[in-house]
Amino acid sequence: MIVIENAYVATVSGDEYESGHVAIDGNRIASVGPGPAPDSPGPRIDGSGCLATPGLVNTHHHLYQWLTRGLVQDGTLFEWLTTLYPVWARIDAESVHAAAAANLGWLALSGCTTSTDHHYVFPREGGDLLEAEITAAAEIGVRFHPCRGSMDLGRSQGGLPPDEVVEDRDQILAATEAAIDRWHDPSFDAMTRIAVAPCSPFSVTGDLMRESAALARRKGVRLHTHLAETLDEEEFCREQFGLTPAEYVEDLGWLGDDVWLAHCVHLNDDAIKRFADTGTGVAHCPTSNGRLGAGSARVRELLDAAVPVGMGVDGSASNEANRLAAELQAALLVARLRGGPSALTARESLRLATLGGARCLGRDAELGSLEPGKLADIAVWRVDGLGAAGGVDPVWTFAFSGGALPLELLIVNGEVVVEHGELVTADAGALARNVAAASERVLA
Ligand code: ZN
């Protein structure tokens, strides 16, 4: 039994305790409440001067993109993609492992206990890239939801990516099914779950979208893709299909409570209603949307319509900072620039990054809030140091900190992953050296 006490506890399920405790038994939360924990054997951690929150959930990412940061600094999404696709054709299992380990280590240091990854570039001679990143996640010790991505619409067929980075449709579906059979764990405390994730309307055929949905539903796994990220995409869909991106994916069977979609910046009122009616989730990625000048998602309207919304850093090469805790502030600023100072509260932002994300992943019964019986995924932040001291509301201070508060402790599935701001599961210096060397090889 590990006990954290004397901390400000934000459960996200409704209650906050100014001086409370969280007790962990094995990989589950045993009790949460005000005052000290009941007497128990095992270590007791003094959380004085700290804020305890649920571990943060990252609902959209491309870990391999750590290899290609800082490129196409001032381009649109389509300009950025067309420059990077040929570079990404050079990734392999070794470089993907280095990128995933560095990226997940860095994410853990910003409070992330569960991360997705949307991997959609599989060079023919690249080796087993999914295995490479799943191995990296196990080494760092975070809960991992790799989404087996894919592209089958090359430039010669009217798509955006060059033909050499797309795969054959039957091969994609067979590899995706094999990945589910090998890695997907449906159990309550699963550390690995697979989702089916064709890349985007402009890099994937409608047939692959339809067949991917059928495969996911036959296997009982979730569906993920990019949608309505930019006006260029909207124009592409209107020209090619005579539909908005949301109408297009609905036609393909892609709205439902087993689907969550990245970005969803350009949704009209009708699309928001359809998302709400079907329970379709949204991964909100405010920093990436800002970096690429893609637009600002209608988060207030999505939340008012009761659409499930989680937070995502998006790929490392379109986020650049890759700090999940920083997305809380980004979401607040984007929402308030759109809709004024009441457009999103600090507590709503924390909820997006925790319970909202867990709901997008179909795991809100297991993750996303500090409640007895849920999995012990917990972040403990220092709010008494320089930069935070004197703040009157720890949740507000954290949400607006830009991810800068020191992470005192990160527990995933009952195991310590970060302590006193340092990774305990891996050597951060070695992760950095490995990813720098891998990046140099890929960019050579
Ligand atoms: Zn993305």
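Caption draft 1: Seen up close, helix 5 (residues 206-219). The end-to-end C-alpha distance of helix 5 is 20 Å, a good match for the 20 Å that 14 residues give at a rise of 1.5 Å each. Among the residues of helix 5, those classed as buried are Gly206, Leu208, Met209, Ser212, Ala213, Leu215 and Ala216. The inward-facing, buried residues of helix 5 abut strand 8 (143-150), helix 4 (169-183), strand 9 (195-198), strand 10 (222-227) and helix 7 (245-251). After helix 5 finishes, the residue Gly220 shows a positive phi value of roughly 70 degrees.

Caption draft 2: Seen up close, the packing of helix 4 against helix 5. With their axes 11 Å apart at the nearest point, helix 4 and helix 5 run at an angle of 20 degrees to one another. With respect to each other, helix 4 and helix 5 are oriented roughly parallel. The handedness of the crossing between helix 4 and helix 5 is right-handed. Packed against helix 4, whose contacting residues are Arg169, Ile172, Leu173, Thr176, Glu177, Ile180 and Asp181, the element helix 5 presents Asp207, Leu208, Glu211, Ser212, Leu215, Arg218 and Lys219 at the interface. Counted by class, the contact of helix 4 with helix 5 contains five nonpolar, two polar and seven charged residues.

Caption draft 3: Structural view of the coordination of the zinc ion. At the metal site, the zinc ion is ligated by His60 (NE2), His62 (NE2), His226 (NE2) and Asp314 (OD), and these contacts range over 2.0 to 2.4 Å. If you look at the zinc ion, its four donor atoms make angles of 86 to 172 degrees with each other, and the shape they trace is irregular. Read in sequence order, the donor residues coordinating the zinc ion give the pattern H-x1-H-x163-H-x87-D. One end of the pair, His60, is in the loop between strand 6 (56-58) and helix 1 (77-88); the other, Asp314, is in the loop between strand 13 (309-311) and helix 11 (316-319), and 254 residues separate them in sequence. Of the two residues, His60 and Asp314, both sit in the buried class.

Caption draft 4: Layout of helix 8 (residues 269-278). For helix 8, the complete set of buried residues consists of Ala271, Ile272 and Phe275. End-on view of helix 8: buried residues confined to an arc of 100 degrees, all on one side of the axis. Lining the buried residues of helix 8 we find strand 10, helix 7, strand 11 (259-263), strand 12 (281-284) and helix 10 (299-304). Looking at where helix 8 begins, the residue whose side-chain oxygen comes 3.2 Å from the main-chain nitrogen of Asp270 is Asn268. After helix 8 finishes, the residue Gly279 shows a positive phi value of roughly 75 degrees.

Caption draft 5: Looking closely at the side chain of Ser31. Inspection of the secondary structure puts Ser31 in strand 3 (residues 28-34). On the accessibility criterion, Ser31 (18% relative accessible area) is buried. Polar side-chain contacts of Ser31 include one of 3.2 Å to the side chain of His21. What Ser31 contacts, discounting residues up to four positions off in sequence, is His21, Val22, Ala23, Pro38 and Pro372.

Caption draft 6: Examining the pattern of salt bridges more closely. Overall, the coordinates contain 30 salt bridges when judged by the stated rule. Residue Glu94 pairs with Arg441 through a salt bridge whose shortest N-O separation is 3.6 Å. You can see Glu94 sitting in helix 2 (residues 93-109) and its partner Arg441 sitting in helix 15 (residues 428-443), a full 347 residues away along the chain. Owing to a relative accessible area of 53%, Glu94 belongs among the exposed residues under this scheme. Look at Arg441 and you get partly exposed, because its relative accessible area is 43%. A single network of salt bridges, built from pairs that share partners, joins Asp152, Arg169, Asp207, Arg210 and Glu211.

Caption draft 7: Quick peek at unusual backbone geometry. Unusually for a residue other than glycine, Ala228 sits at a positive phi of about 50 degrees. The residue Ala228 is located in the loop between strand 10 and helix 6 (231-241) in this model. Classification of Ala228 by relative accessible area gives buried; the value is 1%. Despite not being glycine, Asp314 has its phi angle at roughly 65 degrees, a positive value. By relative accessible area, which is 3% here, Asp314 ends up buried.

Caption draft 8: Here's a closer look at the domain arrangement of the protein. By the assigned domains, the protein splits into domain 1 (2-54 + 367-423) and domain 2 (56-223 + 309-360). Counting from both sides, the interface comprises 37 residues of domain 1 and, opposite them, 31 residues of domain 2. Interface area, domain 1 with domain 2, both sides summed: about 2700 Å², of which 67% is carbon and sulfur. For domain 1, the biggest contributors to the area lost against domain 2 are Val12, Ala399 and Phe400; these three give 19% of the whole. Our enumeration of links across domain 1 and domain 2 arrives at three salt bridges. Across the pair Glu16 and Arg347 runs a salt bridge whose closest N-O atoms are separated by 2.7 Å.

Caption draft 9: Local environment of the pairing of strand 1 (residues 2-10). Most of strand 1 is tucked away, with eight of its nine residues classed as buried. Bridge analysis of strand 1 against strand 2 (residues 16-25) gives seven bridges, and the strand direction is antiparallel. Across the sheet, residue Ile2 finds its bridge partner in strand 2, namely Ile24. Taking the residues between adjacent antiparallel strands as the criterion, strand 1 and strand 2 are bridged by five residues, where Val12 takes a positive phi near 70 degrees. With three bridges joining them, strand 1 and strand 4 (residues 44-46) adopt parallel strand pairing. Bridge pairing links Val3 to Arg44 in strand 4. Across two bridges, strand 1 lies against strand 5 (residues 50-54) in parallel orientation. When the sheet's bridge partners are listed, Tyr8 is paired in strand 5 with Leu51.

Conventions used here
Residues numbered from 1 in each chain as written. Predicted model: local features only at pLDDT ≥ 70, side-chain atom pairs only at ≥ 80, totals over all residues. Heavy atoms only, no water. Helix = DSSP H or I, 4+ residues; strand = E, 2+ residues; numbered from the N terminus. Expected span 1.5 Å × (residues − 1). Buried < 20%, exposed > 50% of the residue type's maximum accessible area, 1.4 Å probe, protein only. Contact = heavy atoms within 4.5 Å. Axes fitted to C-alpha atoms, helices over the stretch in contact; angles between N-to-C directions. Parallel < 35°, antiparallel > 145°, perpendicular 65-115°, else oblique. Left-handed = near helix turned anticlockwise from the far one by under 90°. Nonpolar A, V, L, I, M, F, W, Y, C, P; charged D, E, K, R; others polar. Donors = N, O, S within 2.8 Å, 3.2 Å for Na, K, Ca; no water. Tetrahedral: all angles 85-135°; square planar, octahedral: opposite > 155°, others 65-115°. Arc of directions from axis to C-beta. Polar contact = N/O pair within 3.5 Å; in protein donor to acceptor, adjacent residues only side chain to side chain. Salt bridge = Lys/Arg side-chain N within 4 Å of Asp/Glu carboxyl O. Domains from an automatic or database assignment. Buried area = accessible area lost by both parts, 1.4 Å probe. Pairing = 2+ DSSP bridges.

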